[in-house]
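So the chains spell out like this:
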Number of protein chains: 2
Amino acid sequence: MTGTATLAEIAREAGVSTPTVSKVLNGRADVAPATRERIEELLRRHGYRRRRSANQAAPLLELVFHELESAWAMEVIRGVENVVREEGLSVVLSESSGRLSLGQTWMEGVLARRPMGVVLVLSGLDHAQQEQLASRDIPFVVMDPAGDPGQDVPAVGATNWHGGLAATRHLLELGHRRIGVIAGPARMMCSRARTDGYRAALETAGIGFDPGLVREGDFHHEAGHVAGLELLRLPDRPTAVFTGNDLQALGLYEAARELGLRIPEDLSVVGFDDLPLARWVGPPLTTVRQPLTEMAEVATRMVLDLARGRKPSTLRVDLATSLVERSSTTRPRAGR
Amino acid sequence: MTGTATLAEIAREAGVSTPTVSKVLNGRADVAPATRERIEELLRRHGYRRRRSANQAAPLLELVFHELESAWAMEVIRGVENVVREEGLSVVLSESSGRLSLGQTWMEGVLARRPMGVVLVLSGLDHAQQEQLASRDIPFVVMDPAGDPGQDVPAVGATNWHGGLAATRHLLELGHRRIGVIAGPARMMCSRARTDGYRAALETAGIGFDPGLVREGDFHHEAGHVAGLELLRLPDRPTAVFTGNDLQALGLYEAARELGLRIPEDLSVVGFDDLPLARWVGPPLTTVRQPLTEMAEVATRMVLDLARGRKPSTLRVDLATSLVERSSTTRPRAGR
């Protein structure tokens, strides 16, 4: 036990028995909500920390997604499985189902299961939840944060800005000048970074950033389709488009097909992620590889290190993205 | 407690203490392997059954995949999550990593976690493992069995044979006569059933089954590519191909592109599964929809019913497949 107060002191202050405080610490359901809240508040106020050794934890790792629908969730799951299999651990999978923060039911389940740690994928914890995990000595790592996770939150990401830069430079080098972008949602830092990289490439090439060539999507196929139709119907349509992810690129493929435009002859396309399907579509997609499986492996190892009391040398790791050239990009046709 | 022997009798016969038998029942690691094996053997021989009430189980469901790489695993996970979210349960995800049966480490983890039940996806349990779960009153359901799970194993599948029949009839109705098949692995009952449906459609249409137009794949993209090149390079190549799943269809798309054949003008293609990507590829894929998410929902509800002592009305449920017509099929060109 560490911290400024003992369990007994917190129990006295809350006007409950010590076993009741214990129950709250262990996420047991049989404590009245108001009592639970009072105790959580005292744990927080006193900065209570239960020190736990790694072998007091269950051989479980919690993996939480913002949403499981996205095709890239599987790449992440594979990375986590690669590490836990070696370690003889099992994975508990949860989905925050579109809400960006996680509810109390989820938290009680985690506290009751006493996992080694928690890997959050695009799922934020609010400050009170971070404190709840900290007071039980359950470490967590955020993968590919949607927002700005804060200085003291361990996080694994990718070099999104560099990816956007590389994608756009590739198109510039092919000779494109009117380059559109179908960005991901602006509330996610990763999509902002990609679009900023696009903008930096244009500006360092001496080409002004044209807001008329920018659309915002939600990372799903249909958004790429809708935004693609808009961009391709412009009187002076772009000859190339950088899409914020591969699924939006496929939506753009569909828009091009509907308008009778050929890829890459009439339109060059660069995606982002390099999902397996990027190799399988026609034409195979030039894209920025984000090493999702490796990122998940690093995040999992980081959280296990933290569980074993090893401090990572850095709390923030960004793995490199890289351009993968396939067949969806070529030089613009003469006269355009 | 039910069964022909009590814990104490089994302990006496094994020459160990009752708590040691308890430890084995609960998957605890601190029992010597030889002792564990002797106790498991006695539990089996006596048909020992611990009766457990649903609230003695942890609020966990085990979900086990043969392999997580396949794109359709995500459809299954979504179905399981849909049910467990309503029920306030969490999912423990495991992968048997390409081995078709599961090891002892996995089993000990399950016994220690005491889940509500186990959903196995294309992962077989051997007879001893089935007995291990039964003796702890942990129910399991097999989804889309790779092999023949046996009469008394609860299982959820799809009408694979009807799917193969519908796919092939669709091609016959368009006027195709030389129809190839890139089947899935013959060791999986689901792929055998699909190919048999293909054969039945041909034969009831009075067209002989031609083994020269049949290839076997492993359900992955590359197998479709390799088999596709073989079929499309035949002197009298097929005008249409039914692929055992969508990923193999995409491999066939790639083979057609390489040989300069257009889909559907030069080659009609029908897939199987209807993964999200079937809508996104160019041209959008005509395919047989297998309701993977619904199948996972049914399997999950079935195992939870069993956990609560409700006997399902039937131990085997096959959900209907249905043909989804998109743009990868058309009439064969005149003269072919």
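Structure: see above.
Residues numbered from 1 in each chain as written. Chains lettered and ligands numbered in written order. Predicted model: local features only at pLDDT ≥ 70, side-chain atom pairs only at ≥ 80, totals over all residues. Heavy atoms only, no water.

Undergrad: Just checking my understanding: could you explain the overall build of chain A for this structure?
TA: For chain A, the count of helices and strands is 12 helices and 12 strands. Dimensions of chain A, computed from the C-alpha atoms along their principal axes, are close to 80 × 40 × 35 Å. Buried positions account for 58% of the 336 residues belonging to chain A. Considering only residue pairs separated by 6 or more positions, chain A has 74% of its internal contacts joining residues 24 or more positions apart. Here chain A has roughly 13400 Å² of accessible surface; of this, 49% comes from carbon and sulfur atoms. (Helix = DSSP H or I, 4+ residues; strand = E, 2+ residues; numbered from the N terminus. Buried < 20%, exposed > 50% of the residue type's maximum accessible area, 1.4 Å probe, protein only. Contact = heavy atoms within 4.5 Å. Areas by Shrake-Rupley, 256 points an atom, 1.4 Å probe, with all protein chains shown as cover.)

Undergrad: How should I be thinking about the sheet that holds strand β5 (residues 155-158) of chain A in this particular structure?
TA: One key point about sheets: their strands pair by backbone hydrogen bonds, in either a parallel or an antiparallel sense. Pairing in this open sheet of 12 strands is mixed, and the strands run β11(A)-β5(A)-β4(A)-β3(A)-β1(A)-β2(A)-β2(B)-β1(B)-β3(B)-β4(B)-β5(B)-β11(B) from one edge to the other. Edge positions in the open sheet fall to β11 (316-319) of chain A together with β11 (316-319) of chain B, since each of these has one partner strand only. Averaged over all neighbouring strand pairs, the angle between strand axes comes to 20°, with direction disregarded. Alignment of strand β4 (residues 140-143) of chain A against β5 of chain A, held across two bridges, turns out to be parallel. (Pairing = 2+ DSSP bridges. Axes fitted to C-alpha atoms, helices over the stretch in contact; angles between N-to-C directions.)

Undergrad: Can you help me understand the interface of chain B and chain A in this one?
TA: Accessible area lost on assembly of the parts is the figure often given for the size of an interface. Between chain B and chain A, the contact holds 26 residues from the first and 26 residues from the second. In this assembly, chain B packs against chain A so that about 2600 Å² is buried in total across both faces, 61% of it on carbon and sulfur atoms. Three residues stand out in chain B for area buried against chain A, namely M74, L93 and W280 of chain B, and they jointly supply 26% of the buried area on that side. Across the contact surface, chain B and chain A share two salt bridges. Of all the secondary structure elements, the ones that give two or more residues to the side of chain B that touches chain A are α4 (73-87), β2 (90-95), α10 (246-258) and α11 (276-280) of chain B. (Buried area = accessible area lost by both parts, 1.4 Å probe. Salt bridge = Lys/Arg side-chain N within 4 Å of Asp/Glu carboxyl O.)

Undergrad: Mind showing me how you'd approach helix α9 (residues 221-232) of chain A here?
TA: Compared with the 16 Å implied by 1.5 Å per residue over 12 residues, the 16 Å span of α9 of chain A between its first and last C-alpha is a close match. Elements that come into contact with the buried residues of α9 of chain A comprise β6 (179-183), β7 (214-216), β8 (240-243) and α10 (246-258) of chain A together with α11 of chain B. (Expected span 1.5 Å × (residues − 1).)

Undergrad: Is there a simple way to think about helix α8 (residues 189-204) of chain B in this case?
TA: Every α-helical turn comprises 3.6 residues, leaving residues that sit three or four positions apart pointing alike. Residue and element names in this part refer to chain B. Compared with an ideal rise of 1.5 Å per residue, which puts 16 residues at 22 Å, α8 spans 22 Å between its outermost C-alpha atoms and is within 8% of the ideal. Inspection of α8 places C190, S191, R194, T195, G197, Y198, A200, A201 and L202 among the buried residues, and these make up the whole buried set. Contacts from the buried residues of α8 go to α7 (160-173), β6 (179-183), β7 (214-216), β8 (240-243) and β9 (268-273). With its phi angle positive at about 75°, G206 sits one or two positions after the end of α8.

Undergrad: Just to check I follow, could you spell out the relation of the copies chain B and chain A for this structure?
TA: Mapping between the two copies of the chain is achieved by a rotation about an axis and a shift along the axis. When chain B is fitted onto chain A, the two copies agree to an RMSD of 0.0 Å after a turn of 180° and an axial shift of 0.1 Å. What the rotation and shift describe, once combined, is the action of a two-fold rotation axis. Proximity to the rotation axis, assessed at the C-alpha, singles out V92 of chain B in chain B; its C-alpha lies 2.1 Å from the axis. (Least-squares fit on C-alpha atoms with pLDDT ≥ 70 in both.)

Undergrad: It is not clear to me how the side chain of E95 of chain B should be interpreted in this structure. Could you clarify?
TA: Residue placement: E95 of chain B occurs in strand β2. A distance of 2.7 Å separates polar atoms of two side chains, one belonging to E95 of chain B and the other to R85 of chain A. Apart from the residues within four sequence positions on either side, E95 of chain B is in contact with E81 and R85 of chain A together with F65, H66, E67 and L68 of chain B. (Polar contact = N/O pair within 3.5 Å; in protein donor to acceptor, adjacent residues only side chain to side chain.)

Undergrad: Would you explain the pattern of salt bridges in this entry?
TA: Close approach of charged atoms lets side chains of opposite charge pair. In the structure shown here, the tally under the stated rule is 42 salt bridges over all chains. Residue E87 of chain A is joined to R308 of chain A by a salt bridge in which the shortest nitrogen-to-oxygen separation is 2.9 Å. Taken as a pair, E87 of chain A in helix α4 (residues 73-87) and R308 of chain A in the loop between α12 (292-307) and β11 lie far apart in primary sequence, 221 residues in all. When the shortest N-O distance is used, the salt bridge between R136 of chain B and E40 of chain B registers 2.8 Å. Of the two residues, R136 of chain B sits in the loop between α6 (127-135) and β4 (140-143) while E40 of chain B sits in helix α3 (residues 33-45), which places them 96 residues apart along the sequence. The pair formed by R136 of chain B and E40 of chain B is uniform in burial state, with each residue classed as buried. Each of the salt bridges in this network shares a partner with another, and the network as a whole consists of E13, E41, R44 and R45 of chain A.

Undergrad: How do you make sense of the environment of L319 of chain B when you look at a structure like this?
TA: Residue and element names in this part refer to chain B. Of note, L319 is situated in strand β11. Residues L319 and R85 lie 234 residues apart in sequence; the distance between their C-alpha atoms is 22 Å. Leaving out residues up to four positions away in the same chain, L319 has contacts with G157, A158, T159, P291, E294, M295 and V298.

Undergrad: Is there a simple way to explain the sheet that holds β7 of chain B in this structure?
TA: All names here are of chain B. Reading across the sheet, the six strands line up as β7-β6-β8-β9-β10-β12 and stay open at both edges, with mixed pairing between neighbours. Here the strands that pair on one side only, and so sit at the sheet edges, are β7 and β12 (322-324). Averaged over all neighbouring strand pairs, the angle between strand axes comes to 20°, with direction disregarded. Summarising the sheet, β6 and β8 pair through four bridges and their orientation is parallel. Looking across to β8, one finds that V181 is bridged to F242. With respect to the sheet, α7 is in contact with β6, β8, β9, β10 (286-289) and β12, its orientation differing from that of β9 by roughly 165°.

Undergrad: Would you explain the packing of aromatic side chains in this entry?
TA: Geometrically, a pair of aromatic rings is defined through the distance of the ring centres and the angle of the planes. Counted according to the given criterion, the structure contains four aromatic pairs over all chains. Considering the side-chain rings of F242 of chain B and F272 of chain B, the 6.4 Å spacing of their centres and the 55° angle between planes classify their relative orientation as tilted. Within this pair, whereas F242 of chain B is found in strand β8, its partner F272 of chain B is found in strand β9, the two being separated by 30 residues in sequence. The residue whose ring lies beneath R199 of chain A is F209 of chain A, and the NZ or CZ to ring-centre distance is 3.9 Å. Over the ring of F272 of chain B we find R194 of chain B, and its NZ or CZ is 3.8 Å from the ring centre. (Phe/Tyr/Trp six-rings, centres within 6.5 Å; stacked < 30°, edge-to-face > 60°. Lys NZ or Arg CZ within 6 Å of the ring centre and 35° of its normal.)

Undergrad: Please clarify how the environment of G244 of chain B should be interpreted in this entry.
TA: Tracing the backbone through its elements, the reader meets G244 of chain B in the loop between β8 and α10. Separated by 43 residues in the primary sequence, G244 of chain B and T287 of chain B have C-alpha atoms spaced 9.9 Å apart.

Undergrad: Is there a simple way to think about the environment of D318 of chain B in this case?
TA: All names here are of chain B. Its location among the elements puts D318 in strand β11. Assessed through its relative accessible area of 39%, D318 is described here as partly exposed. Counting along the chain gives 16 residues from D318 to M302, while the straight-line C-alpha distance between them is 13 Å. With residues up to four places along the chain from it excluded, the contact list for D318 reads G157, A158 and T159. One polar contact links the side chain of D318 to the main-chain amide nitrogen of G157, over a distance of 3.4 Å. Side chain to side chain, D318 and R316 meet in a polar contact 2.6 Å long.

Undergrad: Could you clarify how one ought to interpret the pairing of β8 of chain B in this entry?
TA: Across a regular strand the side chains alternate sides, sitting on one face of the sheet and then on the other. Residues and elements named next belong to chain B. Neither face of β8 is left uncovered, since the one carrying A240 and F242 and the one carrying V241 and T243 both have all their residues buried. Two strands pair when backbone bridges link them, and β8 and β9 are joined in this way by three bridges, in the parallel orientation. Note that in β9 the partner of A240 across the bridge is S268. A crossover connection joins β8 to the parallel β9 through α10; in handedness this β-α-β unit is right-handed. (Right-handed = clockwise from strand over helix to strand, strands pointing away.)

Function cannot be read off these values alone, since they describe shape.
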